[in-house]
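Descriptive analysis of the structure
Chain by chain, the residues run as shown.
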Amino acid sequence: MGDMNEPNHTAAVADPWPAPLATAPLDASVIIPGSKSLSNRYLILAALSADPVRIHGLLRSRDTDLMMNALRALGVTCQEDADDPTTVTVTPPPAGVFTGDTEVYCGLAGTVMRFVPPLVLFADGPVRFDGDEQAYARPMEPLLFGLKQLGAHIEYHGQEGCLPFTVTPPKRLGSADGKPIKIRVDSSSSSQFVSGLLLAASRIPDGVLLRHTGRTLPSLPHIRMTMEDINAAGGDVTMPERGRWLVQPRELNLPATVTVEPDLSNAAPFLGAALIAGGDVRVPNWPAHTTQPGGLLPSMLHKFGATITLDGEPFDEINDCEMFNDDFSGTLCVTGDGTIRGLGELDLSAAGEIAPSIAAIATLADGPSELVGIGHLRGHETNRLEALVTQIERVGAHAEELDNGIAIEPVADDELHGAVMETYADHRMATFAAMLGLRIPGIEIKDVQTTRKTIPDFTGMWTAMLAQHR
Ligand SMILES: O=C(O)C1=C[C@@H](OP(=O)(O)O)[C@@H](O)[C@H](O)C1
Ligand SMILES: C=C(OP(=O)(O)O)C(=O)O
């Protein structure tokens, strides 16, 4: 898998990579690896648990390997099975005390840079955090402000409020009056600040009352995922009202074995391919009920004009469908006939990470779309709004940045043309370009291996999907 601490990977395929054109309607089944968000939450919660936890179906990619290396630096054991690297046993440090006087490398992983610093509250010394140079531009300050309110000391080694920095644990944790410590954090630039603080809060004596102070709050499903996972580990976290969370002090213990759902956001380029190329794309093990924001995909793809079924049953709103029980997972099938309807306005604030895939489909639609509620994408792996506009214009279609999103104006297919696409070290800009390449001849993608951030073998999976056609 290479050295995940290296900022860039050695490309195992041609660079730029000629994206394959779809020459016939698809008839493909695609196995999607484990969810990045669930994998990294389970790793953190296992590290905070009293007993060892065995995780099945763990995503093995740059972001999860960075997480395991971060935990190892803090004294956690992460042991993969010899015959299956996606099964990993996590053993917490003795007495739950993390090893300090060490360094953690975050790469460009939001989940590592926002979920690991709160663990230092329970460490026996300071921990220095660093990452890719591009990570220095990602928002960090609200999380660190939250840690300061819990008694930690923060020292910045570069620009104030950014990586790299050192977190020193407080001498004493907990409130002076036996009541939950009140902290206030502006999480409008990333839901991960709330998630990171909640994940650690159960271990704080007296608990925590966390209030979000910003006007907008992106990615609420990801915060609900955090809450559900903490509660599954024996925690007690509630959201008495939107933007306020109460975490009671609890010993955490994930079940002895947990299984990770497939990454539904990473399914988006593959399912979207059914609309762009026409035909059927099937994804097995699709959970009918999920906290992943990718659970919203079937209804979005339906709006674009796709026909959706789950285990052969017509889909309306899978999350509301009573015929599937909570644990049901089946094969999701997306069918397209080659036409794509423009969406008009679509609020993606709940699911910002799928915006690049939705933008690719919208670029090939028969009418305009406005993707809104995603101003915070300017602080993702790259400024995704600027990157999407630049790349959409590069192939001959039109797009414009809005205050809180992007407006896309498609053009006729014969006005679209090939180009060498930039990816900006952003996995989702690479998959976005591959989606356009299904219909636009001559698309080449720079540094396509940046997809390893969350998909171990994107080019292999993409090529295999295209080999299955009618
Ligand atoms: O908690 C998580 O696992 C994530 C939360 C979201 O972050 P933002 O709220 O910063 O968009 C999402 O975009 C990211 O890919 C994963
Ligand atoms: C925003 C994303 O990642 P991160 O976890 O690094 O924030 C993403 O995967 O789209």
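What counts, and at which threshold
- Residues numbered from 1 in each chain as written.
- Chains lettered and ligands numbered in written order.
- Predicted model: local features only at pLDDT ≥ 70, side-chain atom pairs only at ≥ 80, totals over all residues.
- Heavy atoms only, no water.
- Pairing = 2+ DSSP bridges.
- Helix = DSSP H or I, 4+ residues; strand = E, 2+ residues; numbered from the N terminus.
- 1 Å grid on protein atoms, 1.4 Å probe; cavity = no way out; pocket = protein on both sides within 12 Å on 5 of 7 lines; lining within 4 Å.
- Points joined across faces, edges and corners; volume = space filled by probe spheres on them.
- Nonpolar A, V, L, I, M, F, W, Y, C, P; charged D, E, K, R; others polar.
- Domains from an automatic or database assignment.
- Near = heavy atom within 4 Å.
- Polar contact = N/O pair within 3.5 Å; in protein donor to acceptor, adjacent residues only side chain to side chain.
- Areas by Shrake-Rupley, 256 points an atom, 1.4 Å probe, with all protein chains shown as cover.
- Sits in = over half its atoms within 2 Å of the grid points.
- UniProt positions renumbered as here; feature names shortened; annotations may be inferred.
- Contact = heavy atoms within 4.5 Å.
- Axes fitted to C-alpha atoms, helices over the stretch in contact; angles between N-to-C directions.
- Phe/Tyr/Trp six-rings, centres within 6.5 Å; stacked < 30°, edge-to-face > 60°.
- Buried < 20%, exposed > 50% of the residue type's maximum accessible area, 1.4 Å probe, protein only.
- Lys NZ or Arg CZ within 6 Å of the ring centre and 35° of its normal.

Quick look at the sheet that holds strand S1 (residues 17-18)
Taken in spatial order, the three strands of this open sheet run S1-S24-S23, and their pairing is mixed. The open sheet terminates on both sides in strands that have one partner only, identified here as S1 and strand S23 (419-421). Both S23 and strand S24 (residues 443-445) contribute to a ladder of three bridges, which runs parallel. In the strand pairing of S24, Val420 is matched with Glu444.

Some words on empty space enclosed by the protein
The full count for this structure, using the stated rule, is three cavities of 30 Å³ or more. Of the voids in this model, the largest cavity is the one considered here, and its volume is about 290 Å³. Lys36, Gln192, His222, Glu353 and His380 are, among the 26 residues lining the largest cavity, the residues nearest its centre. Taken together, the residues of the lining of the largest cavity sort by class into three nonpolar, 14 polar and nine charged. Each of two domains, domain 1 (17-33 + 262-467) and domain 2 (36-251), supplies a minimum of three residues to the lining of the largest cavity. Its volume calculated, the second largest cavity comes out at about 60 Å³.

Observations regarding the site of ligand 2
Taken together, 14 residues lie near ligand 2, and Lys36, Gly110, Arg138, Arg428 and Lys453 sit nearest. A distance of 2.7 Å separates an oxygen atom of ligand 2 from a polar atom in the backbone of Gly110. Measuring from an oxygen atom of ligand 2, one finds a side-chain N or O atom of Arg428 at 2.6 Å. For ligand 2, the protein covers 97% of the area, taking 300 Å² as the surface of the free molecule. Judged by the fraction of its atoms near the pocket grid, ligand 2 is located in the largest cavity. Those elements giving two or more residues to the shell around ligand 2 turn out to be helix H3 (110-115) and helix H11 (427-437). Grouping the amino acids of the shell around ligand 2 by side-chain chemistry returns two nonpolar, five polar and seven charged. The residues that make up the shell around ligand 2 include at least three from each of domain 1 (17-33 + 262-467) and domain 2 (36-251).

Describing the UniProt feature "active site" (unreviewed entry) in the protein
When the UniProt feature table is mapped to this numbering, "active site" (unreviewed entry) covers Glu353. Among the structural elements, Glu353 can be located in the loop between strand S19 (344-347) and helix H9 (355-363). Setting aside residues up to four positions removed in sequence, Glu353 forms contacts with Lys36, His222, Ser265, Pro293, Arg384 and Arg428. Looking at Glu353, its side chain comes within polar contact range of the side chain of Ser265, at 2.5 Å.

Things to note about unusual backbone geometry
Note on backbone geometry: most residues besides glycine have negative phi, and most peptide bonds are trans. Note that the residue after Asp15, namely Pro16, is joined by a cis bond; omega there is 0 degrees. Inspection of the secondary structure assignment puts Pro16 in the segment before S1. Residue Pro164 follows Leu163 across a cis peptide bond; omega there is -10 degrees. Inspection of the secondary structure puts Pro164 in the loop between strand S8 (153-156) and strand S9 (165-168). Unusually for a residue other than glycine, Asp311 sits at a positive phi of about 50 degrees. By the secondary structure assignment, Asp311 is in the loop between strand S16 (307-310) and strand S17 (313-314). If you check the backbone angles, Asp447 has positive phi at about 45 degrees while not being a glycine. Along the polypeptide, Asp447 turns up in the loop between S24 and helix H12 (458-467).

Concerning the sheet that holds S9
Strand pairs in the sheet, formed through backbone hydrogen bonds, run parallel or antiparallel to each other. The four strands lie next to each other as S6-S7-S9-S8, forming an open sheet whose pairing is mixed. Strands at the two margins of the open sheet, each flanked by one partner only, are strand S6 (102-105) and S8. Adjacent strand axes in the sheet meet at a mean angle of 20 degrees when their direction is disregarded. Inspection of the sheet shows S6 paired to strand S7 (residues 127-130) by four bridges, in the parallel sense. Pairing of Val104 across the sheet is with Phe129, part of S7. Packing of helix H4 (residues 141-149) onto the sheet brings it into contact with S8 and S9, and relative to S8 it is tilted by some 145 degrees.

Some remarks on the environment of Val448
With respect to the secondary-structure elements, Val448 resides in the loop between S24 and H12. Placed 434 residues apart in sequence, Val448 and Ala14 show a C-alpha to C-alpha distance of 8.9 Å. Apart from residues no more than four positions distant in its own chain, Val448 is found in contact with Val13, Trp17, Ala430, Phe458 and Thr459.

Focus on the packing of aromatic side chains
When we look at a pair of aromatic rings, we describe it by the centre distance and by the angle of the planes. Overall, the coordinates contain five aromatic pairs when judged by the stated rule. Ring plane angle 65 degrees and centroid distance 5.3 Å describe the contact between Phe270 and Trp462, whose orientation is recorded as edge-to-face. In this pair, Phe270 is assigned in helix H7 (residues 264-277) and Trp462 in helix H12, connecting sequence segments 192 residues apart. We note that Phe270, like Trp462, is buried. Each member of the aromatic cluster is reached from another via a ring pair, and the members are Phe129, Tyr156 and Phe165. In this structure, Arg203 packs its charged tip against the face of Phe122, placed 4.6 Å from the ring centre.

Some remarks on the site of ligand 1
Ligand 1 sits among 13 residues. The nearest are Ser37, Arg41, Ser190, Ser191 and Glu353. Here an oxygen atom of ligand 1 and a side-chain polar atom of Arg41 are 2.7 Å apart. A distance of 2.8 Å separates an oxygen atom of ligand 1 from a polar side-chain atom of His380. Coverage of ligand 1 by the protein chains reaches 96% of its 380 Å² of free accessible surface. Put simply, ligand 1 lies in the largest cavity. Element by element, the count of residues in the shell around ligand 1 is highest for helix H1 (residues 36-48), at three residues.

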